[in-house]
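Inside the fold
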Amino acid sequence: MRHDVQPNALLATIAWNDAGLVPCIAQQHDTGEILMMAWMNRDAVLETLATRRVCYYSRSRKGLWRKGETSGQQQHLVALRLDCDGDALLALVDQHGVACHTGRRSCFSWEARDDTWSEIDAPRVDPATLYGA
């Protein structure tokens with residue numbers, strides 16, 4: 001973060017939805033691989049920028065979700081970008097381990113083929129080993 005920009009100025013440029021959230025796409029910084037999409041609130045953005053460990057907002061838990069806090073599969077922030085409309089973020093990350101709770105490298109592991117969704121990436125880790133039985 002530039003030292004001459006205040007966090008509130010960064011937050012003010014984001015077009016938050018009615019729930020105070022913004023979608024964030026996580027992309028592997030060196031390969032361009034799209035890993036996942038999750039939501040961020042203001043606190044998640046600030047924590048991510050301050051710690052360089054990616055933090056999201058969990059809508060189901062209604063709280064901050066520090067990527068990898070349970071599974072150990074952390075995302076370290078390389079850069080955080082804002083799209084041209086201000087309503088989506090792109091986190092360029094260094095992903096340690098798998099990104100998806102299903103044990104796959106990417107959450108985008110199914111492709112539309114012949115009127116069906118075909119798996120294009122099998123689980124690399126059993127989710128039970130990431131999160132327990």
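Overview of the structure. (Residues numbered from 1 in each chain as written. Predicted model: local features only at pLDDT ≥ 70, side-chain atom pairs only at ≥ 80, totals over all residues. Heavy atoms only, no water.)

Residue placement: Thr129 occurs in helix H3 (residues 127–131). A relative accessible area of 61% places Thr129 in the exposed class. Between the C-alpha atoms of Thr129 and Cys100, which are 29 residues apart in sequence, the distance is 13 Å. Of note is the side chain of Thr129, whose polar atom sits 2.6 Å from the backbone oxygen of Asp126. (Helix = DSSP H or I, 4+ residues; strand = E, 2+ residues; numbered from the N terminus. Buried < 20%, exposed > 50% of the residue type's maximum accessible area, 1.4 Å probe, protein only. Polar contact = N/O pair within 3.5 Å; in protein donor to acceptor, adjacent residues only side chain to side chain.)

Before going further, it helps to spend a moment on the packing of aromatic side chains. If you walk through the whole model with that rule in mind, you get one aromatic pair. Plain terms: the ring middles of Tyr56 and Trp65 are 5.2 Å apart, the flat faces sit at 40 degrees to each other, and that makes the pair tilted. Take Tyr56: its relative accessible area is 0%, and that puts it in the buried class. (Phe/Tyr/Trp six-rings, centres within 6.5 Å; stacked < 30°, edge-to-face > 60°.)

Consecutive side chains of a regular strand alternate in pointing toward one face of the sheet and then the other. Burial within strand S6 (residues 89–95) is extensive, with five of its seven residues counted as buried. Examined bridge by bridge, strand S1 (residues 22–28) and S6 share five bridges and lie parallel to one another. By the bridge assignment, Cys24 is partnered in S6 with Leu89. Across seven bridges, the pairing between strand S5 (residues 75–82) and S6 is antiparallel. What sits directly across from Leu82, in S6, is Leu89. (Pairing = 2+ DSSP bridges.)

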